[in-house]
Every structure is written in C-alpha cells, then in structure tokens.
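Structural overview
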Number of protein chains: 2
Amino acid sequence: MTTSHKVVAFDSAPGLSRYAALAAALRARVVAGEWPPGSALPAESLLATEHQVALGTMRRALELLVAQGLVERIHGRGTFVRQGIAGASMLRFFRFDSGSGEMPRSRILSRQRVAAPAAVARRLGLATGEMVLRLQRLRLLADQPCLLEELWLPLDVFAPLAEGSTAEWDDLLYPMFARRCGVHVHRAVDDIGFAVLTAAQAIPLGLAAGHPGVVVQRAAYDLGGRCVEWRTTRGDAHAFHYTVTIT
Amino acid sequence: MTTSHKVVAFDSAPGLSRYAALAAALRARVVAGEWPPGSALPAESLLATEHQVALGTMRRALELLVAQGLVERIHGRGTFVRQGIAGASMLRFFRFDSGSGEMPRSRILSRQRVAAPAAVARRLGLATGEMVLRLQRLRLLADQPCLLEELWLPLDVFAPLAEGSTAEWDDLLYPMFARRCGVHVHRAVDDIGFAVLTAAQAIPLGLAAGHPGVVVQRAAYDLGGRCVEWRTTRGDAHAFHYTVTIT
C-alpha cells in the first residue's frame, strides 16, 4: 500500500546548516498560520516525510525551535506552537507599596498616528516616515500611577487599534494584540537602565522633576521574528527591584 | 554469576517524593566529596543498583539534579558534577565607559574578623555573634574604581582567608574560594535595587555623597545548599545596564 504525502520544499541558505534551514521552513509554516498558537504540530515522522529529511534531522530542527521559544514539547502529548509570552509585565521589575495583590490597571493617555521618527523606524524595521501608532499609557496599582509607558507600533499590522475608543481596551496588551490584530508576541528583550525623570515624565507618576527613575526599553517580536513593538517604560527608581538567580 | 554491589540507603522524608529523596541522597554524596566538581558520576544503571531503585526513578532523580544545577549531562559522555558558577560577576549589571575589554582588577580595602551582626548571621545561617570574615573590596576597570563591595563570609570554612597578605589574592574570588577553602559556589541569588550613596559609599568610587547608586545584594550557596557568602555591591546608577530576554 502506498500512502501519498504532501512534500514541502525548503531551501538551504548559504551558511545555514541543513537542520537550521529546516527549522526556518517550519517557522515559515507557523507564521503562515498553518499551525496556530496553541495547536499541535503533526507527528515528527510525518513532518520528516513531508520535508524529505531523516527523522534525526527533523528532531534537531524541532529542538532548535524549542530553544528559540517558538514551540514547546509536552511530555507524552507532542509538540505545540507556544501561546504568546507570559509573565512579561514591566511590573516584574518593580515593587510598589500600594496595591500588593491588586490587579494592575491601564489607562491610555494618548493615541496618535504619526510618521515614525528615525530611531523608532530603525527599531521597527520601517522606512523613516512610515506611519506608526504612538501610545502613552499609564499603569496603576490601587489607583496609584506607577509606570508611564510610550509605545510605538507599526500601523500596517496594528491598524485595528487606531479605531474606536481606547477606554474599552484590555489592561493587558498582548492578549488584545493577538485577538484584535492577529499579532502574537513571542519574544521580548528588556533593556534596563537608570535616568533622572523630566517634568513631563515625573508628573503623571506623581513625582517631581529630577526624581531618580528606572527606564526599561523593550523590543518585542512576533512569531516570524519581526519587531512589532518598541516601548519605553519609566518608573520610580526607589521602587525598582529585580532578582537574578545564577546556577 | 552474582555481582556484589554497594547498597546506599536513603530515607524518604515525609512530603518528599521518592525521586526527590533519592536526589537529596545523591547530593549528599557529592557534598561529602565522593564525586568532586568536574568528575563523572557512575553509570545510571550502577547508581540505580546501589540505591536499589528502578532505572526510571534514578533518571528522574538525576534530571532533578540537572535542573538544580548540581550536575550536567554531556551528550555521549555521561553525567558530571558541575564546576562552580561562571559569569556571575557583578560587572554584568553595569556598563562603564572606562576599560571596555580590560580585565577587571580587585583591591581588598579591609579585612576583619568580627562577630556576625544579627542580619548577617541570619543570612549565613549562623547564631548571632558567631565569627565571620568581613571584607571591603573595590573593583577597578582600567584603574578606575567602579564597584564597592562588602562581603561577609563564615569563618568556619573561610579561615584560610583570614591569614596572609590580601595583596596576593586573585582578582576572581570564586576560583580562590575553591582552591584555598574547598568551597564551591554553585548558586547565587542577586537582588538588584536602587539607593542614594552615602559619603562612605560614594568616595571610594570617586563619586559625591547623594549620588544615585545601584545596590546588588547577593546570597551565594555551596554544593550542599549552605549560604556561604552574603555580599552587598554598590555602583553608579548611571552605569547600570541589564538586559532580560523573555521567550
């Protein structure tokens, strides 16, 4: 008996090992929506047949995708496309006296369509002057302002957020990005530094100009590795607290 | 043919799963020095026989020790007791203009045998008043002071460091702890916060009293999970820089 299988070609780019090229081909299928976040990938043996590679090669490619955070293996159940990142709240870098145990709230202070400044365009991989959505957001704990954020989002994928009232927005952005724009944030890089707050940065936080501040700059990436968000978060340096364990 | 094997008993403490108790028994053998850092553990099958457990149970216990950072598996070679932690330098939290690419240097400013203050004793698991070694250390890059450290070490294991000239000390402490005191630091927890520097803290760093500072508090643990070092590191908040990636 002969079974007919789909065959999926993949190009081995120069300098890329065979299994890395295979991983890129599998990532492209995820990005194309063939396997949505949360869904299971087909069996390794079927994938190996489709891509016409040895089972060992397919396993190494899948291991690479696990290491890259695109998929996860659940013991005895298979390989799944990961849901977006969790535990990525900027609040994890701070410890505020107010509102321990309270659900943090969000308030959008402003929303503008603007031409991307050069620095933002470079981060988002856009040409200078391409349109972006600029948001100012305040995060609150127990009604006390604690973090001030400026977000830059490429308008081509975030157009749905440029319409309607921001009062209806969710307190958590990433689930809303997924639901309303189909953007799944899969990786974020947070760069933490220190800077004195200007009056414009301090006042919404209930602080005085010149107050010591912590600045977190985030680049967030979607399933395909595109930078889909560039964010600057500011908060009271005295509330900054972060723990790193090394083993 | 009958083979005679060593049998190693282990107690299953209440609330501890069988494999977790087994992991604790294996850890005790490492702590006792049966397998020194860098050495290979015996084959899983032999270990399973010695502890009279199924091979699957032994594998789960070893996986737990891998997750805890005590041992590591090297593909095709076996399971090894890990050498101490690497990449634990406090300098990873900072980015100084001076001395990029320079090897950081250390200068011991003071060394005292003192009775442990209550807060230090609690951290080190000692009774208040037990003797500890208190060190003040300056870290320098290109001869510029950049970090000021206060270290507290329990004297029972660090007695060799109370003797002789500190001028001969290594720039890196952990390899010296291992070589001179047999203490292998295997885990460290760094707690990062912000505080304004006092004159006594600022002046050795070439800064003025009231300058914004970043404070890192470290608890470091040996193979057996004992806290063997409590350290406070201070540096210029403007030089603080740390990147966290979430996937």
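Basis of the calculations
- Residues numbered from 1 in each chain as written.
- Chains lettered and ligands numbered in written order.
- Predicted model: local features only at pLDDT ≥ 70, side-chain atom pairs only at ≥ 80, totals over all residues.
- Heavy atoms only, no water.
- Least-squares fit on C-alpha atoms with pLDDT ≥ 70 in both.
- Contact = heavy atoms within 4.5 Å.
- Domains from an automatic or database assignment.
- Buried area = accessible area lost by both parts, 1.4 Å probe.
- Salt bridge = Lys/Arg side-chain N within 4 Å of Asp/Glu carboxyl O.
- Polar contact = N/O pair within 3.5 Å; in protein donor to acceptor, adjacent residues only side chain to side chain.
- Nonpolar A, V, L, I, M, F, W, Y, C, P; charged D, E, K, R; others polar.
- Helix = DSSP H or I, 4+ residues; strand = E, 2+ residues; numbered from the N terminus.
- Pairing = 2+ DSSP bridges.

The next subject is the relation of the copies chain B and chain A. Placing chain B over chain A gives an RMSD of 0.1 Å and needs a rotation angle of 180 degrees, together with 0.0 Å of translation along the axis. Look at the turn and shift together and you get a two-fold axis relating the two. Closest to the rotation axis within chain B is the C-alpha of P212(B), separated from it by 3.7 Å. Of all interface residues in chain B, 100% are interface residues in chain A too; the two copies therefore contact each other through one and the same surface.

With that out of the way, let us pick up the domain arrangement of chain A. Residues and elements named next belong to chain A. Once the domains are mapped, chain A shows domain 1 (18-81) and domain 2 (90-239). Computed from C-alpha coordinates alone, the two centres of domain 1 and domain 2 are separated by 32 Å. Contact with domain 1, which involves six residues of that partner, is made by five residues of domain 2. Summed over both partners, the interface of domain 1 with domain 2 buries about 470 Å², with 66% contributed by carbon and sulfur atoms. There are zero salt bridges connecting domain 1 and domain 2. Inspection of the region where domain 1 meets domain 2 yields one residue pair in polar contact (both at pLDDT 80 or more). By residue class, the composition of the side of domain 1 that touches domain 2 is four nonpolar, one polar and one charged.

Listed by partner, the interface residues are 29 residues for chain B and 29 residues for chain A. If you sort the residues of chain B by the area they bury against chain A, F194(B), I246(B) and T247(B) come out on top, with a joint share of 29%. Taken together, chain B and chain A are joined by zero salt bridges. Counting the contacts that link chain B with chain A gives ten residue pairs in polar contact (both at pLDDT 80 or more). The set of elements that each furnish at least two residues to the side of chain B that touches chain A consists of β6 (185-196), β7 (212-222) and β9 (241-246) of chain B. Broken down by element, the residue count for the side of chain B that touches chain A peaks at nine residues, all from β6(B). Partitioning the side of chain B that touches chain A into residue classes produces 14 nonpolar, nine polar and six charged. Relative to β6(B), strand β9 (residues 241-246) of chain A runs antiparallel, the two being bridged by six bridges. Bridging across to β6(B), T243(A) finds its partner in D191(B).

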